[in-house]
Amino acid sequence: MDGPPNLIDVVGLGVIVAGFFYSPATAAVIGPYIVIIMASVVGASFAVARRERTTRAGAVLYFVRSSGIAILLTGMIASVLAAHYQGVNERILIAPVALLLGSVGDDWGKVLRRLQSFVFSLLDLMRKDEK
Amino acid sequence: MTMFAFSETNTIAVLSWVPCLVIGFISLCRLNAMTERVAFRVRIEYSIYIGIATLVPLGPFMGEWPTPLTFLIVSGLAVILLCSQPAWHDDRPPLVAMED
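Residues numbered from 1 in each chain as written. Chains lettered and ligands numbered in written order. Predicted model: local features only at pLDDT ≥ 70, side-chain atom pairs only at ≥ 80, totals over all residues. Heavy atoms only, no water.

**A look at the overall build of chain A**
The number of helices and strands found in chain A is six helices and zero strands. The order of helices and strands in chain A, counted from the N terminus, is α-α-α-α-α-α. Sorting the 131 residues of chain A into buried and exposed places 28% on the buried side. About 8900 Å² of surface is accessible on chain A, with carbon and sulfur atoms providing 69% of the total. (Helix = DSSP H or I, 4+ residues; strand = E, 2+ residues; numbered from the N terminus. Buried < 20%, exposed > 50% of the residue type's maximum accessible area, 1.4 Å probe, protein only. Areas by Shrake-Rupley, 256 points an atom, 1.4 Å probe, with all protein chains shown as cover.)

**Description of the packing of helix α2 (residues 17–33) of chain B against helix α4 (residues 68–83) of chain B**
Packed helices, taken two at a time, are described by their axes: the angle between them and the distance between them. Residue and element names in this part refer to chain B. α4 packs onto α2 with a crossing angle of 35 degrees between their chain directions and a minimal axis gap of 8 Å. Here α2 runs over α4; the crossing is left-handed. Residue-level inspection shows Pro-19, Cys-20, Val-22, Ile-23, Ile-26, Ser-27 and Arg-30 of α2 in contact with α4, the latter providing Phe-71, Val-74, Ser-75, Leu-77, Ala-78, Leu-81 and Leu-82. In terms of residue class, the contact of α2 with α4 is made up of 11 nonpolar, two polar and one charged. (Axes fitted to C-alpha atoms, helices over the stretch in contact; angles between N-to-C directions. Left-handed = near helix turned anticlockwise from the far one by under 90°. Contact = heavy atoms within 4.5 Å. Nonpolar A, V, L, I, M, F, W, Y, C, P; charged D, E, K, R; others polar.)

**Side note on the pattern of salt bridges**
Any two side chains of opposite charge can pair, given that their charged atoms come close. All names here are of chain A. Under the definition given, this model contains five salt bridges over all chains. A salt bridge links Asp-107 to Arg-50, with the nearest nitrogen and oxygen atoms 2.8 Å apart. Of this pair, Asp-107 sits in the loop between α5 (90–104) and α6 (108–130) while Arg-50 is found in helix α3 (residues 34–50), placing the two residues 57 residues apart along the sequence. Under the relative-accessibility criterion, Asp-107 is labelled partly exposed at 24%. Of the charged contacts, one joins Asp-106 and Arg-65 as a salt bridge, the two residues approaching to 2.5 Å between their closest N and O atoms. Of this pair, Asp-106 sits in the loop between α5 and α6 while Arg-65 sits in helix α4 (residues 56–84), and the two are 41 residues apart along the sequence. A residue is classified by how much of its surface remains accessible, and Asp-106, at 43% relative accessible area, is partly exposed. Residue classification places Arg-65 among the partly exposed positions, given a relative accessible area of 39%. (Salt bridge = Lys/Arg side-chain N within 4 Å of Asp/Glu carboxyl O.)

Shape descriptors only; they carry no functional weight alone.
This is the structure in C-alpha cells:
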C-alpha cells in the first residue's frame, strides 16, 4: 500500500479499537469501578511520591501494584464499614477508602503495626475502666 | 443532537489516550523522583495530572465522551509537561518545587 495512511483508515482504526475497549461488556465491568479506580490512582500517586527514588519501571510497577490492591480491597472494606455503621452509605465510603488504601502503597506493615498498637491501647483503656 | 458521528467520537476517544499516556508517564516519573523536601502542593499537582490522565480515557463509561476540545486540552497539557522537562533534568526536582 503506497502513500500516507488515509484519514478514513485512522477513523476506522479508532472505531475498531474503541469498539473493543468501550464495549458494553467492558463497561459492565469497569463502570461501577470508575470512582474506585480514580481514587485509588490518586492515592497511589502519593505513595509513589513518598517512597525512595527507584527506576522508572520500578515506579510504574509500584504504582500499578498500589492502585491494584486498593481497587481489589475497597469494595469489601467499604461494605464492612457500611454494615458496621448504619448511618453511612457504602457509596459514600468507596472514594475515601480507595484513596487511603492507594496511599498506603507498600507500607502495610507500618499501618498494621499502628492499628495493632491502637487496638492494644483501647484494650488497656477498657481494662483500666473495669478496675 | 450529536455534533460528531459515532466513528469520529470513538476516534477522538482513542486518540486522547496518547496525550493521557504521556501525562501519566511523565507525572509518574516525577512523583518517583520526588524527595521528602518536595512541597505538598507539588505532590498534589502531579496527583491531579494522573487523575486527569485516568479520567479522560474512562470518561466514556460515564457518558462523557471526549470532544476535539478535550483532545486539544489534554494534548496541550502533555506539551506543557514535556516543555518543563529541563526543570526536572536528571530526574531531580527543581528548587522551586522544594519546601520553603
